[in-house]
Amino acid sequence: MLSGNDDSATDIRTYPVFEQRWNGFQTIVQGLIGLMIAAGLAGLFGDGPLAHVERPVPGTPVVLRYDRFLRAGFPAQMRVAITRPLDDEHVAVDLNGDFLAHVSVDATQPRAEAVDATPAGVTYRFRLGAERRGDITLMLSPRAYGATKATVSVLGRTVEAPILIYP
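Since this is a predicted model, take the numbers as computed values, not measurements. Think of each chain on its own: its residues are numbered from 1, step by step along the sequence as written. Since the coordinates come from a predicted model, pLDDT governs what is reported: local features require at least 70, and pairs of side-chain atoms require 80 or more to be given and counted, while whole-chain, interface and lining totals use all residues. Excluded from the side-chain calculations are hydrogens and water; all other atoms, namely the structure's heavy atoms, are used.

Of the regular secondary structure elements, the protein holds two helices and 11 strands. The secondary structure listing takes helices from DSSP runs of H or I that are at least 4 residues long and strands from runs of E that are at least 2 residues long, numbered from the N terminus. Secondary structure elements of the protein, listed N to C terminal, follow the sequence α-β-β-β-β-β-α-β-β-β-β-β-β. Its C-alpha atoms give the protein a radius of gyration of 28 Å, more than 25% over the compact-globule value 15 Å for 167 residues. The principal-axis extents of the C-alpha atoms in the protein amount to approximately 105 × 30 × 25 Å. Three exposure classes are used, based on accessible area relative to the maximum for each residue type with a 1.4 Å probe and protein chains only: buried under 20%, partly exposed in between, and exposed over 50%. Relative to its 167 residues, the protein shows a buried fraction of 32%. Contacts are residue-level and defined by heavy atoms, with any inter-residue pair within 4.5 Å sufficient. Across the protein, contacts joining residues at least 24 apart in sequence account for 63% of those joining residues at least 6 apart. Each accessible area is a Shrake-Rupley result for a 1.4 Å probe, and residues are judged covered by the shown protein chains and nothing else. Entry remark: accessible area of the protein is about 10,900 Å², with carbon and sulfur atoms responsible for 56%. Working convention for charge: Lys and Arg count positive, Asp and Glu count negative, and His plus the chain ends are omitted. Charged side chains are reduced to one point each, which is NZ for Lys, CZ for Arg, CG for Asp and CD for Glu. Taking the 16 positively charged and 18 negatively charged side chains of the protein as two groups, their mean positions are separated by 7 Å. It is over C-alpha atoms that the radius of gyration is taken, and the globule rule equals 2.2 Å times the number of residues to the power 0.38.

A few words on the UniProt feature "transmembrane region" (unreviewed entry) in the protein. UniProt positions are given in the numbering used here, feature names are shortened, and annotations may be inferred rather than shown by experiment. Sequence positions flagged by UniProt for "transmembrane region" (unreviewed entry) are, in local numbering, residues 25-45. Across residues 25-45 one finds 86% helix and 0% strand; the C-alpha atoms that close the span lie 26 Å apart.

Shown next, in the form of structure tokens:
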């Protein structure tokens, strides 16, 4: 038998302050997710237009090509491209010591004729051959994470390459 009281009624209370805060929190989280997706597509975490950089060495026919975002423990490459024939078939590439504290050079292609330690870092000497031009590839192994700056000197001119190494 049914009673005269309406026991099936539900008491619904609203908490407008909580709902306003919750909606604000959701908007912020969705915005952060959108920023992470946009940063990934732009190349912040791998390949993309922000990831690859080409810097000409001033006053020379040399272009430095590298990735501005590296991952510690994962191999990377830095290329020194000689676009026009040089006067000499030998070229020296200098790397600064601060950069080499974060990144080790495992190998070079072509193989360096000589590697010399200097007070400022390391000098790699290459023989280009009769063409006196080409690409020199440095195989890198990022070790320590953080921001670093590679200072690369070729033919007496210097170019700086800021790099961020992720953990």
